[in-house]
Amino acid sequence: QVQLVESGGGLVQAGGSLRLSCAASRSIFSILTMGWYRQAPGKQRELVASITAGGSTNYADSVQGRFTISRDNAKSTVYLQMNSLKPEDTAVYYCNTNRAVINYWGQGTQVTVSL
């Protein structure tokens, strides 16, 4: 089993920055593909960014060039650096991974971007 704990959300003005962190419980972290998803009110959960064990990254078109996903295997932590935030980035952000066909989610952290 993998436990994921997010932190770093909050309220920020448009154009500002936040960094989200997700700490994983298992020593197998280094072999896991990690992802950040978000869900805005009334909308489906969507993939924001992902990073493989080898460090390859993938981003949603809406955040490309503004968000950066990274990982620190020594700390079993994945990060999401969010710059140039927009009101439409407002959502609950979730950390995710998959292991042995089981999907694991963190509890989520709220990001609110005001005008």
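Each value, and the rule that gives it
- Residues numbered from 1 in each chain as written.
- Predicted model: local features only at pLDDT ≥ 70, side-chain atom pairs only at ≥ 80, totals over all residues.
- Heavy atoms only, no water.
- Disulfide = S-S within 2.5 Å.
- Helix = DSSP H or I, 4+ residues; strand = E, 2+ residues; numbered from the N terminus.
- Contact = heavy atoms within 4.5 Å.
- Phe/Tyr/Trp six-rings, centres within 6.5 Å; stacked < 30°, edge-to-face > 60°.
- Lys NZ or Arg CZ within 6 Å of the ring centre and 35° of its normal.

### Digging into the state of the cysteines
On inspection of all chains with the given rule, the structure shows 1 disulfide. Residue pairing for Cys 22: its cysteine sulfur links by disulfide to Cys 95, the two sulfurs lying 2.1 Å apart. Across the disulfide from Cys 22 to Cys 95, rotation about the S-S bond amounts to roughly -85°, and the bridge is consequently left-handed. With Cys 22 in strand S3 (residues 18-24) and Cys 95 in strand S9 (residues 91-99), the pair connects residues that are 73 residues apart, well separated along the chain.

### Focus: the environment of Leu 32
In this structure, Leu 32 sits in the loop between S3 and strand S4 (34-39). Measuring from C-alpha to C-alpha, the distance between Leu 32 and Leu 18 comes to 24 Å, with 14 residues separating the pair along the chain. Non-local contacts of Leu 32, meaning those with residues more than four positions away in its chain, are made with Val 2, Ile 51, Thr 52, Ala 53, Arg 71, Thr 97, Asn 98 and Arg 99.

### A closer look at the packing of aromatic side chains
For the coordinates displayed, the defined rule picks out 2 aromatic pairs. Taking the centre distance of 5.0 Å and the plane angle of 70° together, the rings of Tyr 37 and Trp 105 count as edge-to-face. Placement of Tyr 37 in strand S4 and of Trp 105 in strand S10 (residues 102-105) is noted, with a sequence separation of 68 residues between them. Aromatic pair Tyr 94 and Trp 105: ring centres 6.3 Å apart, planes at 90°, arrangement edge-to-face. Of this pair, Tyr 94 sits in strand S9 while Trp 105 sits in strand S10, and the two are 11 residues apart along the sequence. In this structure, Arg 45 is placed above the aromatic ring of Trp 105, and the distance from its NZ or CZ to the ring centre is 4.5 Å. Cation over ring: Arg 71 sits above Phe 29, and NZ or CZ is 4.6 Å from the ring centre.

Coordinates in, geometry out; function isn't part of it.
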